[in-house]
Amino acid sequence: MPAIYVAGVGCTRFGRLEASLLALLAEAAQQALHDAGVEEVDLIVVGAMNPEEFTGDGTLAPLFASFLGKAHTPAFRVETGTSSGAGAFAAACAAIAAGFARTALVVAGEKMTGLATPRVAEILSRMIDPTERRYGATMPALAAIVTRAYARAHHLDAKDLAMIPVKNHRNGARNPLAHFQAEITVEDVLGSRLIADPLRLYEVCPISDGAAAAVLTAERRPVRVAGIGQGSDHVALRHRRSLTSFRATQEAARRAYAMAGVGPRAVQVAEVHDAFTPFELINMEDLGLAEAGKAVRALVKGETSLEGRLPVNPSGGLKARGHPVAASGLAQIVEIVWQLRGEAGGRQVREPRVGLAQSIGGLSSANWVTILARD
Amino acid sequence: MGERDTGGGMAARGTGIPASRCACGTVTAPPAPHCPECGGPMALDTLPALGEILSYTILHSPPTGFAAPLPIALVQLMGGVKFLCHGHGEQAGRYRIGRQVAIEEVDGIYYFSTMTLRERIALFWRRRGEMEEKVRSILRSAFRRPRRP
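Sequence order as written defines residue numbering, which begins from 1 separately in each chain. Numbering of ligands from 1 and lettering of chains from A proceed in the order in which they are written. Reporting in this predicted model follows two pLDDT cut-offs: at least 70 for local features of residues, and 80 or more for side-chain atom pairs to be given and counted; totals over whole chains, interfaces and linings ignore these cut-offs and use all residues.

1. Concerning the overall build of chain A
When its secondary structure is counted, chain A shows 14 helices and 11 strands. For the purpose of contact definition, each residue receives a C-beta atom placed from its backbone, and two residues are in contact when these atoms lie within 7 Å. For chain A, contacts bridging at least 24 residues in sequence account for 77% of all contacts bridging at least 6. Per the convention used, a helix needs a DSSP run of H or I reaching at least four residues, while a strand needs a run of E reaching at least two, with both numbered from the N terminus.

Here it is as structure tokens:
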């Protein structure tokens, strides 16, 4: 892939917000354009999972371009479920690599809190195989089935797993954009109500509004897109080879590392998809950041905390930063850019040069891994 | 009708869960027209309505139309096919990964039931025709756990 650089980034506050989807997208986009020092772009790529149902907005890409005052700039939308933001980022990179554009604006967001929670859950459950959905399977239900299998295979107890949201809330408390900015304890996690046994409320990400944006360019800038990979898998859980790892992440990682010409050892900071917090451990193992069954050791020893050897989810992750679904994959990339540029404020990790973002689409049927480097 | 008679009777009569089989060796339940692994055509097949719990959840916030708590399990049928089905709430305390279950259909929806040791022994002797497979399955479930890291 020809060299592609991140010229600028932006991100709104995540949470229960008043602003419309278009206003959120525009806020993030204007920040990214200003950060890049760019006014015009050749292409706009919009990531959104389901604006038709969440907000009633259709043909979102031209609608947004017009809202931004760029109605005549080529614009299209990318959808890979909950990883749509990372998918939009990859599509923009591909367009620049192919010569379709020299500078592109990527923006991704979702406005979810306008609907009641059962309705949001129903819309999200469309990512589940129809046969499994017929049995009442929801995203938390399938995630709970995976969590129980993983915990059993590696002898983890509820206290081990509860340390993940505790760490991510601690990071979120240092992120002024996070949905949740309060620390929690292991007792809070274990005392919260069961959503889908063994997953409790504090192990499941919130429903949020928000948007993130990035400007990509073929012109040299400090942060380079080193590698991108996608991995896909059966939507149906019953067709999966493994219940304790995600093949889609493993294959996305293999492709991204090959493109970047580095291995997992080069990664100094990572943002991973912890919509269900036990997935943070599975993701680390699938990414090669820990051996199978050993990610919990890194967590318990503090290696994945802000001060540790390999900080994971310094932003607070999807759990604490929030999860406006399509926004998350791009917000992870924005966080890595801030970390590489040393602009992450109270949650800055020590001078990383290589960072990785991993985003899960559906229950790991369309996953992306993006590796960024500071040259 | 007791769960033992339903599960055991089904298996003894050779009726069970509709499935489909591909020339590549992939088996899916419920049946699919195309193989999810290779895309090839699939032929209809029937699997014994018995298996072991691979993993499960008790869903406390089920979607509209379902009552809480809703037990859902991924069951590994004999032969290795994974199958998603419902449980009976009152048995939830007996669910364990690796537990053998019988599966029955009610109005097009499949439910698994845990089996007591006595029921499993009774079933074992009634299924003489499939003895070899059954012995392998019992050995597998007996040895799998201690071998895990």
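So that's the structure; there's more coming.
2. Some remarks on the overall build of chain B
On a plain count of helices and strands, chain B comes out with 3 helices and 8 strands. In sequence order, chain B lays out its α and β elements as α-β-β-β-β-β-β-β-β-α-α. Within the span of chain B, comprising 149 residues, buried residues form 32% of the whole. Sequence-distant contacts in chain B: of pairs separated by 6 or more residues, those separated by 24 or more amount to 51%. Three exposure classes are used, based on other C-beta atoms lying within 10 Å of a residue's own C-beta, which is placed from the backbone: buried for 20 or more, exposed for 12 or fewer, and partly exposed in between.

3. What about the nonpolar core?
In globular proteins that are soluble, nonpolar side chains generally tend to be buried together. A set of buried residues drawn from Ala, Val, Leu, Ile, Met, Phe, Trp, Tyr and Cys, joined through C-beta atoms within 7 Å, is what defines a nonpolar core. A:A92, A:V106, A:A214 and A:L330 are the most contacted members of the largest nonpolar core, which has 167 residues in total. The biggest single contributor to this core is helix α14 (residues 325–341) of chain A, with 11 residues.

4. A few points about the interface of chain B and chain A
Frequently, the measure chosen for interface size is the accessible area that the parts lose on association. Facing 25 residues of chain B, the contacting portion of chain A comprises 27 residues. At the level of secondary structure, the elements contributing two or more residues to the side of chain B that touches chain A comprise β4 (50–59), β5 (70–77) and β6 (82–86) of chain B. Residue contributions to the side of chain B that touches chain A peak at 6 residues, all from β4(B). Here the side of chain B that touches chain A is built from residues that sort into 17 nonpolar, 6 polar and 2 charged. When strand β5 (residues 194–197) of chain A meets β4(B), the two strands line up antiparallel, connected through 2 bridges. Each bridged residue has a counterpart across the sheet, and for A:A196 the counterpart in β4(B) is B:L59. All residues other than Ala, Val, Leu, Ile, Met, Phe, Trp, Tyr, Cys, Pro, Asp, Glu, Lys and Arg, Gly among them, are scored as polar; the first ten of these are nonpolar and the last four charged. Paired strands, as defined in this entry, are two strands with at least two bridges between them according to DSSP.

5. Quick notes on the packing of helix α4 (residues 84–97) of chain A against α14(A)
Residues and elements named next belong to chain A. For helices, the axis comes from a line fit to the C-alpha atoms of the stretch in contact; other axes are also lines fit to C-alpha atoms, and the angle between any two N-to-C directions lies between 0 and 180 degrees. Close contact between α4 and α14 brings their axes to 5 Å; oriented N to C, the two are set at 60 degrees. Accordingly, the angle class assigned to the pair α4 and α14 is oblique. On α14, the residues that touch S84, G85, A86, G87, A88 and F89 of α4 are A326, A327, S328, G329, L330, A331 and I333. Of the residues belonging to the contact of α4 with α14, the class tally is 8 nonpolar, 5 polar and no charged. Just so you know how the angles are binned, under 35 degrees is roughly parallel, over 145 roughly antiparallel, 65 to 115 roughly perpendicular, and the rest oblique.

6. Considering the sheet that holds strand β1 (residues 16–22) of chain B
All names here are of chain B. Overall, antiparallel pairing links the 3 strands, which are arranged β2-β1-β3 in an open sheet. Because the sheet does not close on itself, it has two edges, and the strands there are β2 (27–28) and β3 (42–48). Bridge count for β1 against β3 is 7 bridges, and the pairing is antiparallel. Across the sheet, residue G16 finds its bridge partner in β3, namely P48.

7. Examining unusual backbone geometry
Here the residue pair B:A29 and B:P30 is connected by a cis peptide bond, since its omega of 0 degrees sits within 30 degrees of zero. Residue placement: B:P30 occurs in the loop between β2 and β3. Residue B:P69 follows B:A68 across a cis peptide bond; omega there is -5 degrees. Despite not being glycine, A:T59 has its phi angle at roughly 35 degrees, a positive value. The topology assignment puts A:T59 in the loop between α2 (51–54) and α3 (60–67). Of note, the phi angle at B:D107 is positive, near 50 degrees, even though the residue is not glycine. Relative to the helices and strands, B:D107 is located in the loop between β7 (100–106) and β8 (109–114). Of the residues examined, B:D107 has 4 C-beta atoms within 10 Å and is grouped as exposed.

8. Looking at the environment of A:V267
All names here are of chain A. Along the polypeptide, V267 turns up in the loop between α10 (247–260) and β9 (269–271). Residues V267 and R353 lie 86 residues apart in sequence; the distance between their C-alpha atoms is 8.2 Å. Excluding its chain neighbours within four sequence positions, the residues that come into contact with V267 are L289, L310, V354, G355 and L356.

9. Details of helix α8 (residues 158–172) of chain A
Residues and elements named next belong to chain A. Expected helix span is given by 1.5 Å per residue-to-residue step, counting one fewer step than there are residues. Taking 1.5 Å per residue, 15 residues should reach 21 Å; α8 reaches 22 Å between its end C-alpha atoms and fits that length. If you check which residues of α8 are buried, you get L161, A162, I164, P165, K167, N168, H169, N171 and G172. Residues of α8 that are buried sit in contact with α7 (139–153), α9 (186–191), α11 (279–286), α12 (295–300) and α13 (317–321).

10. Quick notes on the sheet that holds strand β8 (residues 223–232) of chain A
Residue and element names in this part refer to chain A. The strand order β3-β2-β4-β7-β1-β8-β11-β10-β9 describes an open sheet built from 9 strands, whose pairing is mixed. Edge positions in the open sheet fall to β3 (75–78) and β9, since each of these has one partner strand only. Geometrically, the sheet is characterised by an average inter-axis angle of 25 degrees between neighbouring strands, direction not taken into account. In the packing of α10 onto the sheet, contacts are made with β8, β10 (354–359) and β11 (366–374), and the angle to β8 comes to roughly 145 degrees.

11. Topic: α7(A)
Residues and elements named next belong to chain A. The end-to-end C-alpha separation of α7 is 21 Å, in line with the 21 Å expected for 15 residues at 1.5 Å each. The buried count for α7 comes to 12 of 15 residues, which makes it a mostly enclosed element. Among all positions of α7, only M139, P140, A141, L142, A143, A144, I145, V146, T147, R148, Y150 and A151 are buried. Positive backbone phi, at 55 degrees, marks H155, one or two positions downstream of α7.

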